[in-house]
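Architecture and fold: a report
Listed below, chain by chain, are the residues.
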Amino acid sequence: MAASADASSLPTALSHAQLDWRRDDAELETPHSRHFDDVYFSRHDGRAETEHVFLAANDLPQRFAAWSCARPFTIGETGFGTGLNTLCAWACFERYAAPGARLHLVSTERYPLTRDDLARALAVWPDLGDKAKQLVARWPEAVAGVHRLVLAERVTLDLHFGDSAERLAHLDGRVDAWFLDGFAPAKNPDMWQPALFEAMAHASHPGATFATFTCAGVVKRGLRAAGFNWRKVPGFGRKREMLAGDIASPPADIRRQATPWFQPPVPLPARHVAVIGAGLAGASVAHALARRGVSVTLVDKDGPGSGGSGNRQGALYVKLAAEANLQSRFYLAGLLYSRRWLAEIDPEQQLWRDCGVLQLASSPRERQRQSRFLEHYGLPETVVTRVNADTASRLAGRGDAMRLGLAADDGTEMGGLDYPQAGWVRPARLCEYLAATPGVRFQEGEAVRLERQDSGWQVHLADGTTLEADHVVIATAALANRFTQTETLPLQPIRGQVSMLDLPPGVPELGRVVCAGGYAPPALDGVQTFGATFAPNTADTDLREADHAANLAELERTLPGYVEALRQAGVSLDPASLSGRAAVRAASPDKTPYAGPVPDAQRWQADYGVLSKDAKRIPEIPGEHHPGMWISAAHGSRGLASAPLCAEVIASRICDEPLPVEIELADHLHPGRRVISDIIRGH
Ligand code: SAM
């Protein structure tokens, strides 16, 4: 059960399901898998089958009606298929659950349907039409990994694309009821393996139930061996029998045996949370918590989006390492999540635009790096694709060729990578929007000291007043380690200045955000933003003419055709005439954000000090954290791709839900990683 970073967990493209369409008894179209030669649901009445096999046999109507826990009721499924089970569970939840209850679904899928096939398969259930529409609108790319979809205010779906057993072994979360679906064991023997039942057992809450349509011996034996009790119950339609059962005492989760410091803290009640810092990191945590019904006070010494998140426009893109590693997996997951999250909160695209991002290869070395990246990841072309210089120049010029810079040394124009779904965001506006979420109260104030009392946290503000909260989330970028509890977390300030030019009418427009050394998005309301400078260990925010000059030089190097057009239109390119904005971002030493519980560094020193002498003598002590204290920081200049997913990680932990990332990514983000590596290295 070790959660290794094996090849199967790489974020590669998956093959879509290959379907035939057949007519059921009522002449309705039903999908049939070519690969498995089996049906997705009964051709007699798929809906009634789902209700009988998965909902009734798990007692869901009664359990939903009785659910009064603060955490969501969690369903786990093997084989998402068309999503019929999910939509039926959602409808059942709406019908029976109390207004404050929430539903969380975790479903695995090895061969996702295409979006068109999904819509076609679900079209036969008109009364599920609204729900199907929400699902289809959010349907993710067929990329292995976790895709969180917020289907409705109270309903969240995590699609874990990949093999069921492998995906569940990486799940950081537990389930209350299992839908053990998947094609019949005779048609799909690879899935119904002991590893699957073991992974289910490990990911079960005590008393979790399961139901499955099959009675095959391999399933009965596998479930029993993993600790489940089963009984035969009447099957659906012509099937005489099926299985249902439960697991009273799931096995302990031993996946963090070698890293007990990453063991998550025991969940505490979360009625009111104070979030400190109203940049994108804090504002997105506030929004994520408020969506879960938690009351939030968002505190900032200035207004929302006044620090590093205060620019008018920022690029939503990431530069991923050529070889996939935990960090690049996180940033890719973050990019895909941010993109879907923005579409969910702002479908009209008032706060962002999915115009695409071109990442030009500014040198032969960068071109090689991009080739290695494409080879290693194997992502769908809808996520990223290579473009030659001609295509890049047309994409940059919105259809008309726009002269690009030269890839140094070899004299050819730059081609590069195109991320057609990425784009730009208005970070300052986005922070204001998030801070205005119902359930979030914004308070101007500077938090200077945080104190734990029996009743929770006291946040002491510079004006002498105090705020009380069950939890506190620190999201103040380079200032995040100013509190005694966080002072051991290293953060490096990085100054960045963007420049802005007013454009006259008639200047050609950029069609994509164009990135090389810097970035330039398409102009917004007649203003061209470009930048940014990158000055580590500098924390002032004065505007500098030299920085404008550097930004202009980079713009000209990347987009000489555009700069020429600006000159011809009479735009002054004198650095002294530019406006701009400078801000300080923060980075961690390993350039991964901190997102998670704040370690009690003194306790870690005491509990794990022995590791400095012998790194193999791992004490069996779970990591002590400052109870109810969390941090989201060190997003560097990639916060648009990292902060929203980190916000979900933190809100999910606080609210005791499955995480939207695999267990190894959750640990990779853990703020204590540097504390423990320092102890091991004897620092
Ligand atoms: N629950 C689905 C619904 O509501 O439409 C129907 C599921 S269909 C019978 C079985 C699904 O399991 C298919 O979508 C198939 O691609 C998926 N599947 C088969 N083997 C798998 C595996 N090893 N891991 C993950 N999914 C698998």
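Residues numbered from 1 in each chain as written. Predicted model: local features only at pLDDT ≥ 70, side-chain atom pairs only at ≥ 80, totals over all residues. Heavy atoms only, no water.

Points about the site of the ligand
In plain terms, the rule: Residue proximity to a molecule or strand is established when one non-hydrogen atom of the residue lies within 4 Å of it. The definition of a polar contact used here is a pair of N or O atoms within 3.5 Å, where within protein one atom must be able to donate a hydrogen and the other to accept one, and adjacent residues in sequence count solely through side-chain atom pairs. As a working rule, the residues Ala, Val, Leu, Ile, Met, Phe, Trp, Tyr, Cys and Pro are called nonpolar, Asp, Glu, Lys and Arg charged, and the rest polar, with Gly in that last group.
Taken together, 22 residues sit near the ligand, with G79, T82, E109, D163 and D181 positioned nearest. Within the contact set of the ligand, an oxygen atom lies 2.6 Å away from a side-chain nitrogen or oxygen of T82. One nitrogen or oxygen atom from the main chain of R110 is found 3.1 Å from a nitrogen atom belonging to the ligand. By residue class, the composition of the shell around the ligand is eight nonpolar, nine polar and five charged.

A short note on the environment of R482
Rules: Put simply, DSSP marks the helices as runs of H or I at least four residues long and the strands as runs of E at least two long, and each gets a number from the N terminus on. When a residue's accessible area, from a 1.4 Å probe over protein chains only, is under 20% of the maximum for its type it is buried; when over 50% it is exposed; and in between it is partly exposed. By definition, residues are in contact when any of their heavy atoms lie within 4.5 Å.
Within the element layout of this structure, R482 appears in the loop between β24 (471–474) and β25 (492–502). Accessibility expressed as a relative area gives 39% for R482, which makes it partly exposed. R482 sits 79 residues away from G561 along the chain, and the two C-alpha atoms are 46 Å apart. If we ignore the near neighbours within four places in the chain, the residues touching R482 are E446, A447 and V448. A distance of 3.0 Å separates polar atoms of two side chains, one belonging to R482 and the other to E446.

Looking at the domain arrangement of the protein
The condition is simple: A domain assignment, automatic or from a database, supplies the domain bounds used here. Buried area: the accessible area, evaluated with a 1.4 Å probe, that two parts lose upon being put together, summed over both parts. Salt bridges are counted wherever a side-chain nitrogen of Lys or Arg sits within 4 Å of a carboxyl oxygen of Asp or Glu.
When the domains of the protein are assigned, the result is domain 1 (9–256), domain 2 (269–308 + 428–489 + 589–680) and domain 3 (357–420 + 493–587). Taking the mean C-alpha position of each, domain 1 and domain 3 sit 45 Å from one another. In this assembly, seven residues from domain 1 lie in contact with seven residues from domain 3. A buried area of about 460 Å², summed over both sides, lies between domain 1 and domain 3, and 63% of it is on carbon and sulfur atoms. Area buried by domain 1 at its contact with domain 3 is led by P11, A13 and E141, which between them contribute 67% of it. One can count zero salt bridges joining domain 1 with domain 3. If you look at where domain 1 meets domain 3, you find two residue pairs in polar contact (both at pLDDT 80 or more). Across the side of domain 1 that touches domain 3, the residue classes tally to five nonpolar, one polar and one charged.

Focus on the pairing of strand β31 (residues 594–599)
The cut-off we apply is this: Pairing between two strands requires that DSSP report at least two bridges joining them.
Of all the six residues making up β31, six are buried; the element is thus mostly covered by neighbouring parts of the structure. Note: β31 against strand β32 (residues 625–633), five bridges, orientation antiparallel. In the sheet register, G596 faces β32, and the bridge partner there is I631.

Quick notes on the packing of aromatic side chains
As a reminder of what qualifies: To pair, rings of Phe, Tyr and Trp, with the six-membered ring standing in for Trp, must have centres within 6.5 Å; the planes then decide the type, stacked if under 30 degrees apart, edge-to-face if over 60, and tilted in the middle.
Counted according to the given criterion, the structure contains 17 aromatic pairs. Measuring from centroid to centroid gives 5.7 Å for F80 and W139, while their planes differ by 25°, and the two rings are stacked. Remark: W139 occurs in the loop between α5 (129–138) and β6 (145–152) and F80 occurs in the loop between β4 (73–78) and α3 (84–96); sequence separation between them is 59 residues. Taken individually, F80 and W139 each receive the classification buried, so the pair is uniform in this respect. For the ring pair W139 and F161, a centre distance of 5.8 Å and an interplane angle of 65° mean the geometry is edge-to-face.

As for the pattern of salt bridges
Enumeration according to the criterion identifies 44 salt bridges in this entry. Measuring nitrogen to oxygen at the nearest pair gives 3.5 Å for the salt bridge that ties R674 to D678. Of the two residues, R674 and D678 are both situated in helix α19 (residues 673–680); the distance of four residues between them amounts to about one turn of the helix. Judged by its relative accessible area of 30%, R674 is partly exposed. Here the residues in one salt-bridge network are R102, R148, D158, R291, R292, E648 and E657, joined through shared partners.

Concerning the confidence of the model for the protein
In plain terms, the rule: Looking at any residue, its pLDDT shows the predictor's confidence there, from 0 to 100.
For the protein, per-residue confidence averages 94 on the pLDDT scale, and 98% of positions sit at 70 or higher. In the model, residues 1–8 has pLDDT below 50 throughout and makes 16 contacts with residues more than four positions away in sequence or in other chains.

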